[in-house]
Amino acid sequence: MKISDILKQNDKGIAFEFFPPKSDKGRAALIGTVKALKEFKPLYVSMTCGAGGTTQRLTQDAAYLLLEEGGLEVAPHLTCLDLSPEALRDVLDNYKSKGIDNIMALRGDPPEAVNNFNFLDQSFSYAYNLVRFIKEYGHFCIGVAVYPEGHIEASSLDQDLEYAKQKIDAGADFAVTQMFFDNTYYYKLLDRMKKKGINIPVLPGILPLTDIAKVKQFSSICRTTIPKNVEEVLSSLAQRPQDQEKAGVDFTIKQCKDLVKNGAQRLHFFTLNKPRIIKTIIEAI
Ligand code: FAD
């Protein structure tokens, strides 16, 4: 079923994002995570691609693993990196034949190991090129990424939104945001999108703020602000990881409750394939 139809029928709910495992141990962990989170009857689940050195093949295998679990609407991520039109058609044929109806279409980040990497040298240079191709192929509901604080490479919020509109006009059906820790950025993004006449559902992407050192590192490469007071409290607990985790979980619960109170009742969780913290948060909200 298309996620756009699921979202039309459900004004509340939760979605989970996983990453593909690279080993048997990782596979077992993923299956355990999915089983643990299935009880929340997710609207859909998505499987990342390319991030952390994973490949299209690993994403496909992991997406099929999720399908085998049964009862889950699976959205594999696709990125532009090293993807020819022929290879993309093959991937789409494969997904369609297995019963997958949804794709998250992304440009991807430049590979760290390649100097002066330029996406303009790729067959698909931007997410909107992927969206257009997949739309023309037909069959799939398409999700894209949007950025409450602007994408790290964008020269301004306005320009970033203009490009986001381009991929939505090309056929994207829903969007998921980059992580954010100050909800006002999300509310402002929704306002700006509305003013531009963009009406697709935009699910907030939630990353539990449990390990401040890791999140700080991640935030610096994707332009996400960590509120100063939150950073100070969590950093002061660096030597007490359990207390830091508890404070981080409390923060994320508050963040989610504020979103729900303000009408964002469908949340997309970046699970990092770790169910325990996600369960605690969902049970609290
Ligand atoms: P685009 O929309 O193509 O934008 C990329 C940059 O180019 C932006 O700065 C944009 O403003 C600019 N731009 C867009 N169109 C044009 C144009 N026509 N002309 C000039 N400039 C333009 N990465 C992975 O590798 N794998 C994943 O599975 C993955 N999953 C993600 C899931 C979510 C929910 C999010 C928010 C991000 C995810 N990412 C993933 C990260 C994402 O790939 C990076 O942020 C990437 O740098 C941009 O991807 P995009 O699809 O937003 O690109």
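Residues numbered from 1 in each chain as written. Predicted model: local features only at pLDDT ≥ 70, side-chain atom pairs only at ≥ 80, totals over all residues. Heavy atoms only, no water.

Caption draft 1: Structural context of the overall build of the chain. Scanning the chain for helices and strands turns up eleven helices and nine strands. Taking 19 Å as the expected radius of gyration for a compact globule of 285 residues, we find that the chain reaches 18 Å, a close match to that expectation. Its C-alpha atoms give the chain principal-axis dimensions of roughly 50 × 45 × 40 Å. Of all 285 residues assigned to the chain, the portion counted as buried reaches 52%. The contacts in the chain between residues at least 6 apart in sequence include a share of 79% that link residues at least 24 apart. (Helix = DSSP H or I, 4+ residues; strand = E, 2+ residues; numbered from the N terminus. Rg over C-alpha atoms; globule rule 2.2 N^0.38 Å. Buried < 20%, exposed > 50% of the residue type's maximum accessible area, 1.4 Å probe, protein only. Contact = heavy atoms within 4.5 Å.)

Caption draft 2: Broad picture of unusual backbone geometry. With a phi angle near 45°, Lys41 is a residue other than glycine that sits in the positive phi range. Secondary-structure assignment places Lys41 in the loop between α2 (24-38) and β2 (44-47). Classification of Lys41 by relative accessible area gives exposed; the value is 70%. The backbone of Asn116 shows a phi angle near 50°, a positive value even though the residue is not glycine. By the element assignment, Asn116 lies in the loop between β4 (102-106) and α5 (127-137).

Caption draft 3: Representation of the environment of Lys196. Within the fold, Lys196 resides in the loop between α7 (183-195) and β7 (202-203). Overall, the relative accessible area of 29% leaves Lys196 in the partly exposed class. Remark: the alpha-carbon pair of Lys196 and Ile277, spanning 81 residues in sequence, is separated by 36 Å. Among all residues touching Lys196, those that are not within four sequence positions of it are Leu161, Glu162 and Lys165.

Caption draft 4: Broad picture of the sheet that holds β4. Taking strand neighbours across the sheet as the criterion, the nine strands line up as β7-β6-β5-β4-β3-β2-β1-β9-β8 in an open arrangement whose pairing is parallel. The open sheet has two edge strands, β7 and β8 (205-206), and neither has a second partner. The sheet contact formed by β4 and strand β5 (residues 141-146) spans three bridges and is parallel. Paired with Ile103 across the bridge in β5 is Ile142. Running at roughly 180° to strand β1 (residues 13-18), α2 makes contact with β1 and β2 of the sheet. (Pairing = 2+ DSSP bridges. Axes fitted to C-alpha atoms, helices over the stretch in contact; angles between N-to-C directions.)

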